[in-house]
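# Structural overview for review
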Amino acid sequence: MTDVTGAPADVLHTLFHSDQGGHEQVVLCQDRKSGLRAVIALHSTALGPALGGTRFYPYASEREAVADALNLARGMSYKNAMAGLDHGGGKAVIIGDPERDKTEELLLAYGRFVASLGGRYVTACDVGTYVADMDVVARECRWTTGRSPENGGAGDSSVLTAFGVYQGMRASARHLWGDASLRGRTVGVAGVGKVGHHLVEHLLEEGARVVITDVRQEAVRRIADRHPDIGVVADTEALIRVEGLDIYAPCALGGALNDDSVPALTASIVCGAANNQLEHPGVEKDLADRGILYAPDYVVNAGGVIQVADELHGFDFERCRAKAAKIYDTTLAIFARAKTDGIPPAAAADRIAEQRMAEGRTAGGRGTR
């Protein structure tokens, strides 16, 4: 079923009427010459220009791409608010296989579309896009972050993303077990790509036992060859069932916490880098009912966006690392608010973020730079 514009009716309902909507602007982009098909979603600019990455992914349908852009953009609003940034939330998705369809011409065309928004949206890397890609996009769009140091950027943001998740884990351990140390704890990491492999290094350095899985065997081999004592399981289904697992870290795509995985989880804590880990509303309550402590994804994985935001003002790694370290305190504050209000941590984080966005909206936002 479609409306008069030809767009799927359920997508439009999500955009205008559902609790998952409320987006300010959604732009559909097409450049026939390069084959570009993209969606740019701006959820909120209440706190400032929308900031969020560009995902390049072979979606099964345009409907799926639009839905993902909407969900990711909304998540960025909450993430940026909780990170204390003067930015709203936005996200872009490019439809296609990055290994096959990504070309310089396509990235330049995409950069022109971002530039046409006049600074309302600042883009960066995400799944399927890399620093080299942002260097190309930046040739057409000055509102591009995540560029290489040679081109005036800060480089790979996955380093601080992983550091922030690590801080979130330490806060979770402190809240649940009274000690922030992860030494001797068993942590399962699902997805050891751009962020996950850095997270593994933090965990091993502290003395944690680590079990990993990834759909890409080369990613697993890269870590297993360097750390022969690390545990490896076939897939996520096996990982969540590992006996004695203390912490589960979803670090791949979203929807990892759902009606099938939550009942099977052996871990006491979930804290990972993936965006939109809760497949649908209500999963956060299912986790709480099972006594599983959930560190809200958009809080603990904010290290990367802290880095790319800093790039707009002259990047300083130590300044960013200090800001990312505060994710530890923010996570503890969310757990405290959840206990006070008698709600799951995900709901507590939402309340705090929504309050900050409302205050920013009342103040008229920060405007574009």
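Please read these numbers as outputs of a predicted model, since none were measured by experiment.

### Considerations on the overall build of the chain
Of regular secondary structure, the chain possesses 16 helices and twelve strands. Taken over the C-alpha trace, the chain has a radius of gyration of 20 Å; the compact-globule value for 369 residues is 21 Å, and the two agree within 12%. Expressed along its principal axes, the backbone C-alpha trace of the chain runs to roughly 55 × 45 × 45 Å. When burial is assessed residue by residue, the chain has 54% of its 369 residues classed as buried. As displayed, the chain has an accessible area near 15800 Å², and 49% of this comes from carbon and sulfur atoms. Taken as two groups, the 39 positive and 48 negative side-chain charges of the chain have centres that lie 4 Å from each other.

### Focus on the pattern of salt bridges
The tally for this structure, following the rule as stated, stands at 21 salt bridges. The partner of Glu-24 in a salt bridge is Arg-120, with the nearest N and O atoms 3.3 Å apart. In this pair, Glu-24 sits in the loop between helix H1 (9-16) and strand S1 (25-31) while Arg-120 sits in the loop between helix H4 (104-115) and strand S6 (121-122), placing the two residues 96 residues apart along the sequence. Put simply, Arg-55 and Asp-68 hold a salt bridge, and the shortest N to O gap is 3.6 Å. Linking Arg-55 in strand S4 (residues 54-57) with Asp-68 in helix H2 (residues 62-82), this pair joins segments that are 13 residues apart in sequence.

### Brief notes about H4
Compared with the 16 Å implied by 1.5 Å per residue over twelve residues, the 16 Å span of H4 between its first and last C-alpha is a close match. What H4 keeps buried is the set Leu-106, Leu-107, Leu-108, Ala-109, Tyr-110, Gly-111 and Val-114.

### Brief notes about the sheet that holds strand S8 (residues 209-213)
Backbone hydrogen bonds hold the strands of a sheet together, and the pairing may be parallel or antiparallel. Across the sheet, six strands lie side by side as S9-S8-S7-S10-S11-S12; this open sheet has parallel pairing. Each of the sheet's edge strands pairs with one partner strand only, and the pair in question is strand S9 (231-232) and strand S12 (293-294). Of the pairings in the sheet, the one linking strand S7 (residues 186-190) to strand S10 (residues 247-250) comprises four bridges and is parallel in character. The residue bridging Val-189 from the neighbouring strand is Ala-249, located in S10.

### Quick look at unusual backbone geometry
Notably, Asn-276 is not glycine yet its phi reads approximately 50°, a positive angle. Here Asn-276 falls in the partly exposed class, since its relative accessible area comes to 28%.

### Structural notes on a negative patch on the surface
A cluster of acidic residues, Asp-259, Asp-260, Glu-279 and Asp-286, forms a negative patch on the protein surface. Tracing the backbone through its elements, the reader meets Asp-260 in the loop between S10 and helix H10 (261-264).

### Some points on the packing of aromatic side chains
Per the stated rule, a full pass over the model turns up three aromatic pairs. Pairing Phe-315 with Phe-317 gives two aromatic rings, centres 6.4 Å apart and planes at 70°, and the pair type is edge-to-face. Phe-317 sits in the partly exposed class, given a relative accessible area of 33%. Positioned over the ring face of Tyr-130 is Lys-194, at 4.6 Å from the centre of the ring. Directly above the aromatic system of Phe-163 lies the positively charged group of Arg-321, at a separation of 4.1 Å from the ring centroid.

### Here we look at the pairing of S7
Along S7, five of the five residues are buried, which leaves the element largely enclosed by surrounding structure. With burial as the criterion, each face of S7 is covered, one bearing Thr-186, Gly-188 and Ala-190 and the other bearing Val-187 and Val-189. Strand direction decides the pairing type here: S7 and S8, joined by five bridges, are parallel. For Thr-186, the partnering residue across the bridge sits in S8 and is Arg-209.

### Regarding the confidence of the model for the chain
On average, residues of the chain score 92 in pLDDT, and 93% of them are at 70 or above. In this model, residues 1-6 is a region of pLDDT below 50 whose contacts with residues beyond four sequence positions or in other chains number eight contacts.

### Remarks on the pairing of S10
Residues Ile-247 and Ala-249 point to one face of S10 and Tyr-248 and Pro-250 to the other, with burial holding for every one of them. With two bridges joining them, S10 and strand S11 (residues 269-270) adopt parallel strand pairing. What sits directly across from Ile-247, in S11, is Ile-269.

### Description of the side chain of Arg-147
Note that Arg-147 resides in the loop between helix H5 (131-137) and helix H6 (158-177). In this structure Arg-147 comes out as buried when scored by relative accessible area, which is 18%. Reaching out from Arg-147, the side chain makes a polar contact with the side chain of Glu-311 at a distance of 3.2 Å. Residues contacting Arg-147, with those up to four places away along its chain left out, are Val-131, Met-134, Asp-135, Ala-138, Gly-152, Gly-153, Ala-154, Gly-155 and Glu-311.

### Describing the side chain of Ser-158
As for its placement among the helices and strands, Ser-158 is situated in helix H6. The buried category is assigned to Ser-158, whose relative accessible area is 3%.

### Digging into the nonpolar core
One finds Ile-40, Tyr-110, Met-169, Val-189, Leu-199 and Leu-203 to be the most contacted residues of the largest nonpolar core, which totals 67 residues. The greatest single-element share of this core, amounting to seven residues, is contributed by H6. When near neighbours in sequence (up to four residues on either side) are disregarded, Leu-199 contacts Ala-162, Val-165, Tyr-166, Met-169, Val-189, Ala-249 and Cys-251. If you look at the next biggest cluster of nonpolar residues, it comprises 19 residues, including Ile-240, Leu-245, Leu-265 and Leu-287.

### Focus: the environment of Ala-349
Note that Ala-349 resides in helix H16 (residues 345-362). Between the C-alpha atom of Ala-349 and that of Ala-264, which follows or precedes it by 85 residues, the distance is 25 Å. Aside from chain neighbours lying at most four places away, what touches Ala-349 is Met-82, Pro-296, Tyr-298, Val-299 and Ile-334.

Conventions we followed
Residues numbered from 1 in each chain as written. Predicted model: local features only at pLDDT ≥ 70, side-chain atom pairs only at ≥ 80, totals over all residues. Heavy atoms only, no water. Helix = DSSP H or I, 4+ residues; strand = E, 2+ residues; numbered from the N terminus. Rg over C-alpha atoms; globule rule 2.2 N^0.38 Å. Buried < 20%, exposed > 50% of the residue type's maximum accessible area, 1.4 Å probe, protein only. Areas by Shrake-Rupley, 256 points an atom, 1.4 Å probe, with all protein chains shown as cover. Lys, Arg positive; Asp, Glu negative; His and termini not counted. Charge placed at Lys NZ, Arg CZ, Asp CG, Glu CD. Salt bridge = Lys/Arg side-chain N within 4 Å of Asp/Glu carboxyl O. Expected span 1.5 Å × (residues − 1). Pairing = 2+ DSSP bridges. Patch = residues over 30% accessible without salt bridge, like charges linked within 9 Å, V, L, I, M, F, W, Y side chains within 5 Å. Phe/Tyr/Trp six-rings, centres within 6.5 Å; stacked < 30°, edge-to-face > 60°. Lys NZ or Arg CZ within 6 Å of the ring centre and 35° of its normal. pLDDT = per-residue confidence, 0-100. Contact = heavy atoms within 4.5 Å. Polar contact = N/O pair within 3.5 Å; in protein donor to acceptor, adjacent residues only side chain to side chain. Core = buried A, V, L, I, M, F, W, Y, C linked by side-chain atoms within 4.5 Å.

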